[in-house]
Amino acid sequence: MSGSMSSISPSTPWPPRSPSNNIQRQSAINLKPSTKFSIPNFSIPSRRKNSKSFPSFIVNSAAEPANQTTGKSKPAPLVVVGSANADIYVEIDRLPKEGETISAKTGQTLAGGKGANQAVCGAMLSYPTYFVGQIGKDAHGKLIMEALEGGGVHIDHLTEVSEEPTGHAVVMLQSDGQNSIIIVGGSNMCGWPENLSKSDLETVKNAGIVLLQREIPDSINIQVAKAARTAGVPVILDAGGMDSPIPVELLKHVDILSPNESELARLTGMETESFEQISLAVAKCHQLGVKEVLVKLGGRGSALFTEGKEPIIQSIIEAKKVIDTTGAGDTFTAAYAVAFVEGKSKVECLKFAAAAASLCVQVKGAIPSMPRRKAVLDLLQSI
């Protein structure tokens with residue numbers, strides 16, 4: 001399939017499902033917590049006390065200071081505020097039935113979490129990216145920090161918390177590349193300060209775009225979204241994570257909401273099997289104050305709904321072989337954000353994101369699968 005895209009109306013036939021290339025679909029169950037390339041000392045300064053200062057970036061390109069060496073202005077960074085998990089992979093032929101015990105082919109622990117995935121994706125796409133999040137003082141935390149730094153992400157605002165373990169997830173990966181995930185929040189959900197530090201909020205206000213997800217407390221997301229809105233910084237909220245309703249206060253400060261089909265259905269209480277049903281569910285999101293809704297549709301591609309305008313759809317860019325879909329949705333959202341902040345048209349943003357997601361599913365693991373910018377551009381040139 002070529003990655004064509006078009007503007008559609010509710011009467012337009014919906015593309016058929018592509019079960020072999022369902023590159024942005026996953027199910028997640030949330031449980032309460034029980035628990036640039038060189039690697040520095042694992043001690044991270046707490047943002048509550050000795051956090052490093054964030055460099056000043058100006059969003060208005062006309063006012064951006066020029067780099068003294070190149071004469072080019074610095075781009076305002078992508079700032080991701082969100083989760084970081086240790087993903088415990090188990091490869092299985094099928095999901096176990098109720099009461100059944102099955103054996104896994106292999107097991108492996110890799111860095112992941114929606115926030116960390118999106119941050120590494122932004123950095124791998126050669127865009128300056130900062131991550132604001134929490135890890136525990138444990139081996140999983142070290143794994144995540146190593147992966148973030150190895151991916152080129154600025155981690156000045158990554159905080160170690162001693163009272164909570166690093167968040168983790170069990171990823172049940174089936175032979176067809178599809179997955180089911182159980183999340184344990186850990187330091188992603190607990191140990192946050194009641195109010196984010198001035199340094200963290202200044203980081204947000206100086207961003208070119210901010211990415212949020214629902215694997216950290218809503219109260220943190222609301223603080224971030226409000227700070228971004230006061231500074232005129234666009235906010236994308238990935239709806240993946242908690243299955244509780246999204247607070248209206250958060251939605252009011254979000255510029256783009258990005259759910260997949262099942263998340264859209266859960267959030268609105270409406271069916272999302274056909275395009276007509278998806279359109280009605282999106283209209284409900286518009287009524288709640290969200291102007292744009294970017295729906296990830298797995299093997300059917302994606303659709304961008306802007307209030308008052310015709311939707312735009314992007315078909316998938318076929319992957320040679322689907323190995324693991326775990327990080328595809330995060331890759332898509334982060335790649336869209338990078339293209340958006342770089343000033344590309346909405347059509348170009350969708351196509352860039354589809355190409356990045358296509359490359360992602362061909363590699364096992366979430367963070368390890370994030371594509372480099374050159375690979376994305378090469379793929380786009382080949383279709």
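To keep things clear, this report deals only with the structure shown in the data block. (Residues numbered from 1 in each chain as written. Predicted model: local features only at pLDDT ≥ 70, side-chain atom pairs only at ≥ 80, totals over all residues. Heavy atoms only, no water.)

## Quick notes on helix α4 (residues 218–230)
And then number 1: The end-to-end C-alpha distance of α4 is 18 Å, a good match for the 18 Å that 13 residues give at a rise of 1.5 Å each.
And then number 2: Taken residue by residue, α4 has Asp218, Ile220, Asn221, Ile222, Gln223, Val224, Ala225, Ala227 and Ala228 as its buried positions.
And then number 3: In this structure, the buried side of α4 is in contact with β3 (78–81), α3 (198–205), β10 (209–214), β11 (235–241) and α5 (248–251).
And then number 4: After α4 finishes, the residue Gly232 shows a positive phi value of roughly 75°. (Helix = DSSP H or I, 4+ residues; strand = E, 2+ residues; numbered from the N terminus. Expected span 1.5 Å × (residues − 1). Buried < 20%, exposed > 50% of the residue type's maximum accessible area, 1.4 Å probe, protein only. Contact = heavy atoms within 4.5 Å.)

## As for the environment of Phe340
And then number 1: Structurally, Phe340 is set in helix α8 (residues 328–341).
And then number 2: A residue is classified by how much of its surface remains accessible, and Phe340, at 30% relative accessible area, is partly exposed.
And then number 3: Phe340 sits 10 residues away from Leu350 along the chain, and the two C-alpha atoms are 9.3 Å apart.
And then number 4: Excluding residues within four positions of it along the chain, Phe340 makes contact with Ile209, Pro234, Ile256 and Cys349.

## Here's the deal with the pattern of salt bridges
And then number 1: A full pass over the atoms with the stated rule returns 15 salt bridges.
And then number 2: Note that Lys105 and Asp93 form a salt bridge whose closest N and O atoms lie 2.8 Å from each other. Of this pair, Lys105 sits in the loop between β4 (85–92) and β5 (106–112) while Asp93 sits in the loop between β4 and β5; the two residues are 12 residues apart in sequence, bridging distant segments of the chain.
And then number 3: Two residues, Lys226 and Glu249, come together in a salt bridge whose shortest N-O distance is 2.3 Å. Residue Lys226 is located in helix α4, and its partner Glu249 is located in helix α5; the two are separated by 23 residues in the primary sequence. (Salt bridge = Lys/Arg side-chain N within 4 Å of Asp/Glu carboxyl O.)

## As for the pairing of strand β7 (residues 154–161)
And then number 1: Along β7, six of the eight residues are buried, which leaves the element largely enclosed by surrounding structure.
And then number 2: Where strand β6 (residues 129–136) lies against β7, six bridges are found, and the strand directions are parallel. Note that in β7 the partner of Gly136 across the bridge is Val161. (Pairing = 2+ DSSP bridges.)

## A closer look at the pairing of β4
And then number 1: In the sheet, β4 pairs with β5 via seven bridges, with the strands oriented antiparallel. Note on β5: the bridge partner recorded for Glu91 is Thr106.

## Comments concerning α8
And then number 1: With 14 residues, α8 should cover 20 Å at 1.5 Å per step; its first-to-last C-alpha distance of 20 Å lies within 8% of that length.
And then number 2: Of the positions making up α8, those classed as buried are Ala328, Gly329, Asp330, Thr331, Phe332, Thr333, Ala334, Ala335, Tyr336, Ala337, Val338 and Ala339.
And then number 3: At the C-terminal side of α8, Gly343 shows a positive phi close to 90°.

## Re the side chain of Ser258
And then number 1: When you line up the elements, Ser258 lands in strand β12 (residues 256–258).
And then number 2: Its relative accessible area of 0% is what places Ser258 among the buried residues.
And then number 3: Separated by 2.8 Å, the side chains of Ser258 and Lys296 make a polar contact.
And then number 4: Setting aside its immediate chain neighbours within four residues, Ser258 contacts Ile236, Leu237, Asp238, Ala239, Glu263, Leu294, Lys296 and Thr333. (Polar contact = N/O pair within 3.5 Å; in protein donor to acceptor, adjacent residues only side chain to side chain.)

## A short note on the packing of aromatic side chains
Where two aromatic rings form a pair, the distance of their centres and the angle of their planes describe that pair.
And then number 1: Applying the stated criterion across every chain, the model contains two aromatic pairs.
And then number 2: Here the aromatic rings of Phe275 and Phe305 are separated by 5.8 Å at their centres, their planes lie at 20°, and the arrangement is stacked. Separated by 30 residues along the polypeptide, Phe275 in helix α7 (residues 275–287) and Phe305 in strand β14 (residues 302–306) bring together distant segments of the chain.
And then number 3: The exposure class of Phe275 is buried, given its relative accessible area of 0%.
And then number 4: Relative to Phe340, the ring of Tyr336 lies with its centre 6.5 Å away and its plane at 25°, an arrangement referred to as stacked. (Phe/Tyr/Trp six-rings, centres within 6.5 Å; stacked < 30°, edge-to-face > 60°.)

Spatial relationships are all this shows, so hold off on functional conclusions.
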